[in-house]
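Residue-level listing of the chains:
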Amino acid sequence: MPKNGNEYDSVSRYYSEAVANVAGAIPLGIPALGAQLDGDALLDHLDGVVFTGSPSNVEPRHYAGEPSDEGTLHDPARDATTLPLIKKVLERGIPMLAICRGYQELNVVFGGTLFQKVQDQPGKMDHRADMTGAIEDRFALAHDIELVSGGILAGLNNGSRVKVNSVHAQGIDRLGEGLVVEAHAPDGLVEAVSVSGASAFALAVQWHPEWNASDNEFSNKIFKAFGNACRERADRR
Ligand SMILES: N[C@@H](CCC(=O)NCCCC(=O)O)C(=O)O
């Protein structure tokens, strides 16, 4: 993140608090160093990875998409870091929770594509939030999702429908090969996926369960399930 002529690796503290207070793990930030980062050496020391959200978009070149509109915020350093790291995390059976941009990155890693502006697609809702207002309004619950029977999320939740927040303009267009749909929005947009045949917890959601994770029952269950998977791995290490 550029600031005062400098560049910072930054993460919203809501992710750190959800990992610490709900998953019960120790949060560590991974700098977006791309090829400067030895992903294998790093992953030797980790019991789980959360791929967080970000206001930036995955560069369309990673999924053969049309060029972004002028002025679109990208983050090539992040793309260069997370896209290869997602592959390594899954290959090594390390528990993974991917959120919003992280969810979109997972789909790209599996050969899927993204809508760049879901709101411009015929029949699709506007999934964006007002980024100018109070943060509580930005992350307020926005729409229902329908959980797919038999999925990880359906197993976590009491009932097949739950309301989630929505802070995104991009979304899954073509689903990556090997991903399993876990939930849909009312307009049919895929809102969560898991990884078919994954050897460890591997869940990705378009909304933001880190927001209010301690008090929101569904978010709490997601982060607790992730934390349990991390502890199981730690016990085996
Ligand atoms: N830019 C992508 C991903 C959206 C995303 O991760 N939003 C989270 C932003 C949270 C914040 O930093 O306030 C898209 O628009 O789909």
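Just so you know, these numbers come straight off a predicted model, no measurement behind them.

Chemist: Before we go on, may I ask you to explain the packing of aromatic side chains in this structure?
Modeler: The relative placement of two aromatic rings is captured by the distance of their centres and the angle of their planes. Evaluated as defined, the whole model comprises four aromatic pairs. Ring geometry for Phe201 versus Phe226: centroids 6.2 Å apart, planes at 55°, classification tilted. Pair noted here: Phe201 is in the loop between β10 (190-195) and β11 (202-205) and Phe226 is in helix α7 (residues 217-236), with a separation of 25 residues, a long-range link. Each member of the pair Phe201 and Phe226 is classed as buried. A ring pair is formed by Trp207 and Phe218, whose centres lie 6.0 Å apart and whose planes are at 20°; its orientation type is stacked. With Trp207 in the loop between β11 and α7 and Phe218 in helix α7, the pair connects residues that are 11 residues apart, well separated along the chain. Exposure remark for Trp207: the relative accessible area of 2% places this residue in the buried category. The exposure class assigned to Phe218 is buried, which follows from its relative accessible area of 5%. Aromatic ring contacts, followed pair by pair, group Tyr14, Phe139 and Trp211 into a single cluster.

Chemist: Explain the sheet that holds β11 to me, please; I cannot follow it from the model alone.
Modeler: Picture the strands of a sheet paired through backbone hydrogen bonds; they go either parallel or antiparallel. Ordered in space as β3-β4-β11-β10-β9-β6-β7, the seven strands form an open sheet in which the pairing is mixed. In this open sheet, the two edge strands, each paired with only one partner strand, are β3 (49-51) and β7 (161-165). Neighbour-to-neighbour, the strand axes of the sheet open up by a mean angle of 25°, direction not taken into account. Examined bridge by bridge, strand β6 (residues 141-147) and β7 share five bridges and lie antiparallel to one another.

Chemist: Please explain the site of the ligand as it appears in this structure.
Modeler: For the ligand, the set of nearby residues contains 16 residues, the closest of which are Ser54, Ser56, Asn57, Arg138 and Gln170. Contacts to the ligand include Ser54, whose backbone N or O atom sits 2.8 Å from an oxygen atom. Interatomic distance of 2.7 Å between a side-chain N/O atom of Asn57 and a nitrogen atom of the ligand. Expressed as a share of its isolated accessible area of 430 Å², the protein-covered part of the ligand is 87%. For the shell around the ligand, the residue count by class is six nonpolar, eight polar and two charged.

Chemist: Would you mind going over the packing of helix α3 (residues 76-91) against helix α4 (residues 101-109) with me for this structure?
Modeler: Each packed pair of helices is defined by two parameters, the angle between the axes and the distance between the axes. Interaxial distance between α3 and α4 falls to 10 Å at its minimum, and their mutual angle equals 70°. The orientation of α3 with respect to α4, classified from their angle, is roughly perpendicular. The interaxial crossing formed by α3 with α4 has right-handed handedness. Between α3 and α4, the residues in contact are Arg78, Asp79, Thr82, Leu83, Ile86, Lys87 and Leu90 and Arg101, Gly102, Glu105, Leu106, Val108 and Val109, respectively. Residues that form the contact of α3 with α4 fall into these classes: six nonpolar, two polar and five charged.

Chemist: Would you explain the pattern of salt bridges in this entry?
Modeler: Two side chains bearing opposite charge may form a pair once their charged atoms approach each other closely. Following the criterion strictly, the structure yields 13 salt bridges and no others. A salt bridge links Arg101 to Glu105; the shortest N-O distance between them is 2.5 Å. With Arg101 and Glu105 both in helix α4 and four residues apart, this pair spans about one turn of that helix. Per residue, the accessibility class of Arg101 equals that of Glu105, and both read buried. Several salt bridges share partner residues, and in doing so they unite Asp40, Asp44, Lys88 and Arg92 into one network.

Chemist: Sorry if this is basic, but what is going on with α7 here?
Modeler: One turn of an α-helix holds 3.6 residues; hence residues three or four places apart share an orientation. The terminal C-alpha atoms of α7 lie 29 Å apart, and with 20 residues this matches the ideal 28 Å at 1.5 Å per residue to within 8%. For α7, the full list of buried residues reads Phe218, Ser219, Asn220, Ile222, Phe223, Ala225, Phe226, Gly227, Ala229, Cys230 and Arg233. In this structure Asn216 caps α7, since a side-chain oxygen of it lies 3.0 Å from the backbone nitrogen of Phe218.

Chemist: When you look at the side chain of Gln104 in this model, what are you seeing that I'm missing?
Modeler: Its location among the elements puts Gln104 in helix α4. What makes Gln104 buried here is its relative accessible area of 3%. At 3.3 Å, the side chain of Gln104 forms a polar contact with the backbone oxygen of Gln170. Not counting chain neighbours up to four residues away, the residues in contact with Gln104 comprise Leu114, His168, Gln170, Gly171 and Gln206.

Chemist: What should I look at first to understand the nonpolar core in this one?
Modeler: Ranked by size, the top nonpolar core spans 27 residues in total, and within it Ile145, Leu153, Trp207, Phe218 and Phe223 carry the most contacts. Secondary structure elements with two or more residues in this core: α1 (13-23), β4 (96-99), β6, β7, β11 and α7. It is α7 that contributes the most residues to this core, seven residues altogether. Among all residues touching Phe218, those that are not within four sequence positions of it are Ile145, Leu147, Leu153, Asn157, Val162 and Trp207. Among the nonpolar cores identified, the runner-up in size contains 26 residues, and Tyr63, Ala98, Val108 and Leu114 belong to it.

About the criteria used
- Residues numbered from 1 in each chain as written.
- Predicted model: local features only at pLDDT ≥ 70, side-chain atom pairs only at ≥ 80, totals over all residues.
- Heavy atoms only, no water.
- Phe/Tyr/Trp six-rings, centres within 6.5 Å; stacked < 30°, edge-to-face > 60°.
- Helix = DSSP H or I, 4+ residues; strand = E, 2+ residues; numbered from the N terminus.
- Buried < 20%, exposed > 50% of the residue type's maximum accessible area, 1.4 Å probe, protein only.
- Pairing = 2+ DSSP bridges.
- Axes fitted to C-alpha atoms, helices over the stretch in contact; angles between N-to-C directions.
- Near = heavy atom within 4 Å.
- Polar contact = N/O pair within 3.5 Å; in protein donor to acceptor, adjacent residues only side chain to side chain.
- Areas by Shrake-Rupley, 256 points an atom, 1.4 Å probe, with all protein chains shown as cover.
- Nonpolar A, V, L, I, M, F, W, Y, C, P; charged D, E, K, R; others polar.
- Parallel < 35°, antiparallel > 145°, perpendicular 65-115°, else oblique.
- Left-handed = near helix turned anticlockwise from the far one by under 90°.
- Contact = heavy atoms within 4.5 Å.
- Salt bridge = Lys/Arg side-chain N within 4 Å of Asp/Glu carboxyl O.
- Expected span 1.5 Å × (residues − 1).
- Core = buried A, V, L, I, M, F, W, Y, C linked by side-chain atoms within 4.5 Å.

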